[in-house]
Amino acid sequence: NDGNYTRHYDRIGGGETVSVPYSMAIRKDTYSGYYPITFTIEYKDSTEGDVQKAEEVFYVKVQNKEKEEETG
């Protein structure tokens, strides 16, 4: 529902897992299926280190309306 889900974590230890909360709303005309969501993750390996960037794609299953057949 937010336009931007920027989150800041001061410190995450090696092997530690954190949850990133988010919520979504879908449009009424969206068809059922799998839709990609891209996460861009920026981090430093140490306090003085350079900012590293990683991008991951996850898929969300949407159950809404089925695609209509397009026949003439």
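**Re a nonpolar patch on the surface**
On the surface, Tyr9, Ile12, Val18 and Val20 cluster together into a nonpolar patch covering about 290 Å² of accessible area. Note on Ile12: relative accessible area 41%, which makes it partly exposed.

**Quick notes on the packing of aromatic side chains**
All chains considered together, the criterion is met by one aromatic pair. When the ring of Phe39 is compared with that of Phe58, the centres are 5.3 Å apart and the planes differ by 85°; the resulting orientation is edge-to-face. Taken together, the residues Phe39 in strand β1 (residues 33-43) and Phe58 in strand β2 (residues 52-62) connect sequence positions 19 residues apart. Relative accessible area serves as the criterion here: at 28%, Phe39 is assigned to the partly exposed category.

**Some details on the pattern of salt bridges**
Across all of its chains, the model carries two salt bridges by this definition. Arg27 serves as the salt-bridge partner of Asp29, at 2.9 Å between the closest nitrogen and oxygen. For Arg27, a relative accessible area of 58% gives the class exposed.

**Some thoughts on the layout of surface pockets**
There is about 1,200 Å³ of room inside the largest pocket. Surrounding the largest pocket, 26 residues form its lining, Arg7, Tyr9, Ile12, Ile41 and Glu42 being those nearest its centre. For the second largest pocket, the calculated volume is near 160 Å³. For the second largest pocket, the full set of lining residues is Met24, Ala25, Ile26, Arg27, Thr30, Tyr35, Pro36, Ile37, Val60 and Val62. It is β1 that provides the largest number of residues to the lining of the second largest pocket, a total of three residues. Taken together, the residues of the lining of the second largest pocket sort by class into eight nonpolar, one polar and one charged.

Conventions we followed
Residues numbered from 1 in each chain as written. Predicted model: local features only at pLDDT ≥ 70, side-chain atom pairs only at ≥ 80, totals over all residues. Heavy atoms only, no water. Patch = residues over 30% accessible without salt bridge, like charges linked within 9 Å, V, L, I, M, F, W, Y side chains within 5 Å. Areas by Shrake-Rupley, 256 points an atom, 1.4 Å probe, with all protein chains shown as cover. Salt bridge = Lys/Arg side-chain N within 4 Å of Asp/Glu carboxyl O. Buried < 20%, exposed > 50% of the residue type's maximum accessible area, 1.4 Å probe, protein only. Phe/Tyr/Trp six-rings, centres within 6.5 Å; stacked < 30°, edge-to-face > 60°. Helix = DSSP H or I, 4+ residues; strand = E, 2+ residues; numbered from the N terminus. 1 Å grid on protein atoms, 1.4 Å probe; cavity = no way out; pocket = protein on both sides within 12 Å on 5 of 7 lines; lining within 4 Å. Points joined across faces, edges and corners; volume = space filled by probe spheres on them. Nonpolar A, V, L, I, M, F, W, Y, C, P; charged D, E, K, R; others polar.

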